[in-house]
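Residue-level structural notes
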Amino acid sequence: MKKKENKRLSDFKQKYETARMAYGDKREMFEIWQSQYDGLMQPKQGKTVETLFNFSKELVESQIDSNVPAPKVEADKPTERNKQLAMIAEKMLRGEVKRLKFKEENDEDERTAKIHGGNLRLVEWDNTQKTHDTVGAANSLLIHPLQYIPQEGVYRAKLMDYQFVTFEKTKTMIKAQYNKDVDDETIDQQTAEATQANETVTQIICYYRNNKGGIGVFSWAGDTVLID
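What counts and what doesn't
- Residues numbered from 1 in each chain as written.
- Predicted model: local features only at pLDDT ≥ 70, side-chain atom pairs only at ≥ 80, totals over all residues.
- Heavy atoms only, no water.
- Buried < 20%, exposed > 50% of the residue type's maximum accessible area, 1.4 Å probe, protein only.
- Helix = DSSP H or I, 4+ residues; strand = E, 2+ residues; numbered from the N terminus.
- Pairing = 2+ DSSP bridges.
- Axes fitted to C-alpha atoms, helices over the stretch in contact; angles between N-to-C directions.
- Phe/Tyr/Trp six-rings, centres within 6.5 Å; stacked < 30°, edge-to-face > 60°.
- Lys NZ or Arg CZ within 6 Å of the ring centre and 35° of its normal.
- Patch = residues over 30% accessible without salt bridge, like charges linked within 9 Å, V, L, I, M, F, W, Y side chains within 5 Å.
- Areas by Shrake-Rupley, 256 points an atom, 1.4 Å probe, with all protein chains shown as cover.
- Salt bridge = Lys/Arg side-chain N within 4 Å of Asp/Glu carboxyl O.
- Left-handed = near helix turned anticlockwise from the far one by under 90°.
- Contact = heavy atoms within 4.5 Å.
- Nonpolar A, V, L, I, M, F, W, Y, C, P; charged D, E, K, R; others polar.

**A few points about the pairing of strand β5 (residues 200-209)**
When a strand is regular, its side chains alternate between the sheet's two faces. Summarising burial for β5: eight of the ten residues are buried, a large majority. Sheet topology places strand β4 (residues 162-170) next to β5; nine bridges connect them, and they run antiparallel. Bridge pairing in β5 places Gln163 opposite Tyr207. The pairing of β5 with strand β6 (residues 215-221) spans six bridges and is antiparallel. Bridge pairing in β6 places Ile204 opposite Trp220.

This is the structure:
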């Protein structure tokens, strides 16, 4: 079993490295655009300059609208019972918008989309969210363009055989989520800040089209498989 697991890990790592290299030019542009927004971009030649007025940031900030439209549910057949059910569904959706902090995330989303031309959102089920009578809840995460690596040569997500998402997580969080010990693993220096502490690791998640036509998930940190 361990030999088979190592072979799958090696195969997915090879796909990841190939895709990341093919996506390198795009990632470099994303970093340049972020530096321009932050007022840190420097000329390729000549002396270092100091930003006196960040015109790029002003243009982006002037277009920000962090408002999130309120959910609205209407009954197809306006009977009294259906109206009540629609009202219940609408209240539930409003509660989810507040729980998932959509307003705060949309504020970040507004800037990321204007700086980089777009971003993604990962919707998943999170079993770590618990109450006194429930286990798990829907979770929604913004994915920055630098966290996403598509299959090389394919330009529509629904046509890809696989795609990757990366996260920097603490080793404690990995242990809690997957019950896997990653103390010996480190961050990926090519995707994370080199100054990050030893308590963090890079998790790579691959969503791939399986041989049954469904979606499979394979994830790892360093040489440790987390999901298969």
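**Remarks on the sheet that holds β4**
Ordered by their spatial adjacency, five strands build an open sheet running β3-β4-β5-β6-β7, and the pairing between neighbours is antiparallel. Of all the strands in the sheet, the pair left with one neighbour each is β3 (148-150) and β7 (224-227). Averaged over all pairs of adjacent strands, the angle between their axes in this sheet comes to 25°, without regard to strand direction.

**A short note on the packing of aromatic side chains**
Evaluated as defined, the whole model comprises nine aromatic pairs. On the numbers, 6.0 Å between centres and 85° between planes, the contact of Tyr16 with Trp220 is edge-to-face. In this pair, Tyr16 sits in helix α1 (residues 2-22) while Trp220 sits in strand β6, placing the two residues 204 residues apart along the sequence. Across the pair, Trp220 and Tyr16 agree in class, each one buried. Members of the aromatic cluster, each reached through a chain of ring pairs, are Phe12, Tyr16, Tyr162, Phe164, Tyr208, Phe218 and Trp220. Directly above the aromatic system of Phe12 lies the positively charged group of Lys15, at a separation of 5.9 Å from the ring centroid. In this structure, Lys169 packs its charged tip against the face of Phe167, placed 5.3 Å from the ring centre.

**A closer look at the pairing of strand β2 (residues 135-143)**
Both strand β1 (residues 120-130) and β2 contribute to a ladder of eight bridges, which runs antiparallel. Among the inter-strand pairings, Arg121 is bridged to a residue of β2, identified as Leu142. Where β1 folds back on β2, the antiparallel hairpin that results is connected by four residues.

**Overview of a nonpolar patch on the surface**
Side chains of Leu52, Phe53, Phe55 and Leu59 sit close together on the surface and give an oily, nonpolar patch of about 510 Å² of accessible area. Take Phe55: it is sitting in helix α3 (residues 55-61). A residue is classified by how much of its surface remains accessible, and Phe55, at 53% relative accessible area, is exposed.

**Some points on the pattern of salt bridges**
A full pass over the atoms with the stated rule returns eleven salt bridges. A salt bridge links Arg99 to Glu96; the nearest nitrogen and oxygen atoms lie 2.8 Å apart. Here Arg99 pairs with Glu96, and both are found in helix α4 (residues 80-99), just three residues apart, close to one helical turn. Residue Arg99 is classed as partly exposed on the basis of its relative accessible area of 31%. Ionic contacts of the salt-bridge type, sharing partners, join the residues Glu61, Asp107 and Arg111 into one network.

**A short note on the packing of helix α2 (residues 24-38) against helix α5 (residues 102-116)**
Put simply, α2 and α5 touch, their axes get as near as 9 Å, and they point 115° apart. Relative to α5, α2 is oriented so that their crossing is right-handed. Along its contact with α2, which presents Phe30, Trp33, Gln34 and Tyr37, the element α5 presents Arg111, Ile115 and His116. Each residue belonging to the contact of α2 with α5 can be placed in one class, and the counts come to four nonpolar, two polar and one charged.

**Some points on the environment of Ile227**
Checked against the element boundaries, Ile227 lands in strand β7. The residues touching Ile227, leaving out its near neighbours within four places in the chain, are Tyr178, Val217, Phe218 and Ser219.

None of the figures reported here should be taken as evidence of function without further support.
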